[in-house]
Amino acid sequence: MPNSSSVSEFLLLAFADTRELQLLHFALFLGIYLAALLGNGLILSAVACHHRLHTPMYFFLLNLALLDLGCISTTLPKAMANALWDTRAISYQGCAAQVLFFVFFFGSKFFLLTVMAYDRYVAICQPLHYGSLLGSRACAQMAAAAWGSGFLNAVLHTANTFSLPLCQGNAVDQFFCEVPQILKLSCSDVFLREAGALVFSVSLVLGCFVFIVLSYVQIFRAVLRMPSSQGRHKAFSTCLPHLAVVSLFVSTAVFTYLKPNSISSPSLDLVVSFLFTVVPPAVNPLIYSMRSQELKNALRRHMAVTEAGRSLLSVELTDQQEEWGTVRDRIGQKHAHGIEDDGMEEPTEVRQILCDHERHQKADPNKIWR
């Protein structure tokens, strides 16, 4: 039987068998990937470039956009390449890297969502202490803790998973490499080897989930006690995007990994995994931009500035082309009449061009300068 030392590649699950459907899936994946890149890229540029968005909430949103880009870039490009080139193979090292980055980005994302729940709790329940509890240093430390916890969890699971001997073939029943599918190929006592890593991960996830639930219980209690309907609406509008992102992430994760075996099938597992890994990173920018008026205004200004910059660049290029055309005509007239100096004062740029032209002509009289 083969073991891990003899496995040089894994075979991923294909979305379709016919060439036409594979190309259709490639086009669909490419559209979703470009939409995710565009949406998260706009959020990154808007938050980075606009001073009014330099607040803790948008700092965490910037980190979330980075993690979403990492999440979708871990799984979808390889699936697109396999669909385009009609292959299923991924190298052993590539599979290990995919597992590492998958656990890292998705774990860090959930930890960051927990930090964002704390941010909303402080903003609504303790607004007078918001500046002291969520200063720039505290925000950086909490974001670093989310990324660091995700990386530690990823290294632990990846090292533990790929240290197991594999004797059940190399076919992975998923369109990307993930820990449960690799463990199915193991021939050792998986439970004992995975017990420590599983306890660590479950403790972190449950702790974060309980913290999010308790935070929103306190938030809803505080919002419902507000005397002003306008204040309640504003408080809810700042929380709803985060709550929607958390609900989408948790619901798809639970259905992916905790659904009953009685309703499990390869096609259903493939669709659910696709919804969990691909849809949230593409949809999250839309959720936040729809509910946050500040972000919408910043995106409009950013796109307006970008369009104005393109128009200005186009005008400058047109003017420069006209100027160079005039210079070329003038040089041509001098050559045609054999004029060395017409007594007119040349602009600095024109004199430099003429000097360069004369130097080229002396070096190679037969060469036509354009």
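Along each chain, residue indices are assigned from 1 in the same order as the chain's sequence is written. It should be noted that, the model being predicted, local features are given only for residues of pLDDT at least 70 and side-chain atom pairs only at 80 or more, the latter also being counted only at that level, while totals for whole chains, interfaces and linings use all residues. Think of the side-chain values as coming from all heavy atoms in the structure, minus any hydrogens and water.

Participant: Which parts of the structure should I look at to understand the nonpolar core?
Facilitator: A general tendency of soluble globular proteins is for nonpolar side chains to be buried together. Side-chain atoms within 4.5 Å are what join buried Ala, Val, Leu, Ile, Met, Phe, Trp, Tyr and Cys residues into a set we call a nonpolar core. Using a 1.4 Å probe on the protein chains alone, a residue whose accessible area is under 20% of its type maximum counts as buried, one over 50% counts as exposed, and one in between counts as partly exposed. Phe-10, Phe-60, Leu-64, Leu-76, Phe-162 and Leu-295 are the most contacted members of the largest nonpolar core, which has 82 residues in total. Numbering of helices and strands runs from the N terminus; a helix is a DSSP stretch of H or I covering at least four residues, while a strand is a stretch of E covering at least two. At 18 residues, the largest contribution of residues to this core is made by helix α3 (residues 92-125). Residues in contact with Leu-295, not counting those within four places in the same chain, are Ile-43, Ala-46, Leu-53, Tyr-58, Leu-61, Tyr-288 and Ser-289. Two residues form a contact once any of their heavy atoms are found within 4.5 Å.

Participant: Sorry if this is basic, but what is going on with the state of the cysteines here?
Facilitator: Note on terminology: disulfide describes a covalent bond linking the sulfur atoms of two cysteines. Here, the term disulfide refers to a pair of cysteine sulfur atoms separated by no more than 2.5 Å. For the structure on display, the rule yields one disulfide. A disulfide bridge connects Cys-95 with Cys-177, and the sulfur atoms are separated by 2.1 Å. In this structure, the disulfide formed by Cys-95 and Cys-177 twists by about -120 degrees around the S-S bond and is classed as left-handed. Pair noted here: Cys-95 is in helix α3 and Cys-177 is in the loop between α5 (136-161) and α6 (179-183), with a separation of 82 residues, a long-range link. Across this residue pair, the class does not change: Cys-95 and Cys-177 are buried. For the unlinked cysteine Cys-125, the closest cysteine sulfur is that of Cys-239, found at 8.4 Å.

Participant: Got a minute to help me understand the pattern of salt bridges in this structure?
Facilitator: Where charged atoms from two side chains of opposite charge come close, those side chains can pair. Here, a salt bridge means any Lys or Arg side-chain nitrogen found within 4 Å of an Asp or Glu carboxyl oxygen. This model, assessed by the stated rule, comprises two salt bridges. Its salt-bridge partner being Asp-68, residue Lys-109 comes within 2.8 Å of it at the nearest N-O pair. In this pair, Lys-109 sits in helix α3 while Asp-68 sits in helix α2 (residues 56-85), placing the two residues 41 residues apart along the sequence. Both residues of the pair, Lys-109 and Asp-68, belong to the buried class.

Participant: Would you mind going over helix α1 (residues 19-49) with me for this structure?
Facilitator: What a helix is expected to span follows from its residue count: subtract one and scale by 1.5 Å. The terminal C-alpha atoms of α1 lie 44 Å apart, and with 31 residues this matches the ideal 45 Å at 1.5 Å per residue to within 8%. Within the sequence span of α1, burial applies to Gln-22, Phe-29, Tyr-33, Ala-36, Gly-39, Asn-40, Ile-43, Leu-44, Ser-45, Ala-46 and Val-47.

Participant: Is there a simple way to think about the environment of Leu-42 in this case?
Facilitator: Within the secondary structure layout, Leu-42 lies in helix α1. Sequence spacing of Leu-42 and Pro-285 is 243 residues, and the spatial spacing of their C-alpha atoms is 8.6 Å.

Participant: I tried to follow a nonpolar patch on the surface on my own but got confused; where do I start?
Facilitator: Taken together, the side chains of Phe-209, Val-210, Val-213, Leu-214 and Val-217 make up a nonpolar region of the molecular surface, amounting to roughly 410 Å² of accessible area. Of note, Val-213 is situated in helix α7 (residues 190-224). A patch consists of residues whose relative accessible area exceeds 30% and which take part in no salt bridge; residues with like charges are grouped when within 9 Å of each other, and nonpolar side chains (Val, Leu, Ile, Met, Phe, Trp, Tyr) when within 5 Å. Surface accessibility follows the Shrake-Rupley procedure with a 1.4 Å probe radius. Residue values consider only the protein chains on display as shielding.

Participant: Would you mind going over helix α9 (residues 266-277) with me for this structure?
Facilitator: Note on helix geometry: an α-helix contains 3.6 residues per turn, so any two residues three or four positions apart are oriented the same way. Helix length check: α9, at twelve residues, gives a terminal C-alpha distance of 16 Å against a target of 16 Å (1.5 Å per residue), a fit within 8%. Along α9, the residues that are buried comprise Asp-269, Leu-270, Val-272, Ser-273, Phe-274, Phe-276 and Thr-277.

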